[in-house]
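Understanding the architecture of this molecule
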Amino acid sequence: GNERIRIEQRGTRRSRGDWEILADALPARGEFRWKAPDGLAILPELRLVAQAPGGAKGVREIWPTAWVDPQAPVVSLSAPALWEKAQPVELEASLEDIPAGVRRSILWGLRPEGGAWERLGEFMPMDPLRFLPDCDGRWGLWLQAEDKVGNLSAAPKAGSSPMASVLVDQAPPRAVFL
């Protein structure tokens, strides 16, 4: 109903063992996202304090059900050196994120003729990672990942070197007899 929620933390250098308000006057339903400080080495304890309009109060510690994860996923990508099949190119990736886990990954491609990075697809953790090239040549590839608390690894920028590349040659050979 009309309860207001406060989130408190303890266990940071600044809090020195006392409960410190992290967020106050939050609605009783919804989501709260907090960007953890860079370099956070120790995960703080968290608790919810709910207060009803009449003043009744309830406290619930939410550790370890809350994730405190200040880091983006660690991503690596590999591709075959040469792809001659007329079907999607199959890629392999390693996506690691502790403790939250990976929510999704985004595959970016750089066409053989260059230009800007293009989004080739979005994948869930158990999906096969592949793309269907629409032209022959050397494709540059980049994989970006987002974890379950919203941390996103870097997207490619203009001039970024690919994480992996694949030479696509799907055109059948032609012979001319004279």
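Please read these numbers as outputs of a predicted model, since none were measured by experiment. (Residues numbered from 1 in each chain as written. Predicted model: local features only at pLDDT ≥ 70, side-chain atom pairs only at ≥ 80, totals over all residues. Heavy atoms only, no water.)

Description of the overall build of the protein chain
For the protein chain, the helix and strand inventory stands at zero helices and 13 strands. Tracing the protein chain from N to C terminus, the helices and strands come up as β-β-β-β-β-β-β-β-β-β-β-β-β. The burial tally for the protein chain puts 34% of its 178 residues in the buried class. Counted over contacts in the protein chain with a minimum sequence separation of 6, partners at least 24 positions apart contribute 57%. (Helix = DSSP H or I, 4+ residues; strand = E, 2+ residues; numbered from the N terminus. Buried < 20%, exposed > 50% of the residue type's maximum accessible area, 1.4 Å probe, protein only. Contact = heavy atoms within 4.5 Å.)

Describing the sheet that holds strand 13 (residues 164-168)
Across the sheet, which stays open at both edges, the five strands sit in the order 6-13-12-9-10 with mixed pairing between neighbours. Looking along the sheet, the strands with just one partner apiece sit at the ends: strand 6 (82-83) and strand 10 (118-123). With eight bridges connecting them, strand 9 (residues 102-110) and strand 12 (residues 137-147) associate as antiparallel partners. Along strand 12, the bridge assignment pairs Ile106 with Gln144. (Pairing = 2+ DSSP bridges.)

A few points about the nonpolar core
Core analysis: the biggest nonpolar cluster contains 17 residues, and Leu77, Val89, Leu91, Leu107, Phe131 and Val166 have the highest contact counts within it. The residues touching Leu107, leaving out its near neighbours within four places in the chain, are Leu77, Leu91, Glu118, Arg119, Leu120, Gly121, Phe123, Arg130, Phe131, Trp142 and Leu143. Among the nonpolar cores identified, the runner-up in size contains five residues, and Ile106, Trp108, Trp117 and Trp142 belong to it. (Core = buried A, V, L, I, M, F, W, Y, C linked by side-chain atoms within 4.5 Å.)

A closer look at the packing of aromatic side chains
Tallying each qualifying case throughout the model produces two aromatic pairs. Both rings, one in Trp117 and one in Trp142, keep their centres 6.1 Å apart while their planes meet at 70°; by these two values the pair is edge-to-face. Taken together, the positions of Trp117 in the loop between strand 9 and strand 10 and Trp142 in strand 12 put the pair 25 residues apart, joining distant regions of the chain. Of the two residues, Trp117 and Trp142, neither departs from the other in class, the shared state being buried. A centroid spacing of 5.4 Å and a plane angle of 55° characterise the contact between Phe131 and Trp139, whose relative ring orientation is tilted. A relative accessible area of 5% means that Phe131 is categorised as buried. (Phe/Tyr/Trp six-rings, centres within 6.5 Å; stacked < 30°, edge-to-face > 60°.)

What about the pairing of strand 9?
With eight of its nine residues buried, strand 9 lies for the most part within the structure. As paired elements, strand 9 and strand 10 share five bridges and run antiparallel to each other. What sits directly across from Gly109, in strand 10, is Glu118.

Digging into the pattern of salt bridges
Counted under the stated rule, the structure contains eight salt bridges. Its salt-bridge partner being Arg104, residue Glu146 comes within 2.5 Å of it at the nearest N-O pair. Placement of Glu146 in strand 12 and of Arg104 in strand 9 is noted, with a sequence separation of 42 residues between them. For Glu146, a relative accessible area of 12% corresponds to the buried category. One salt bridge in this structure joins Asp134 and Arg111, with 2.7 Å as the shortest N-O distance. Taken together, the positions of Asp134 in the loop between strand 11 (130-131) and strand 12 and Arg111 in the loop between strand 9 and strand 10 put the pair 23 residues apart, joining distant regions of the chain. A relative accessible area of 55% places Asp134 in the exposed class. (Salt bridge = Lys/Arg side-chain N within 4 Å of Asp/Glu carboxyl O.)

Without other data, these values stay purely geometric and don't point to any function.
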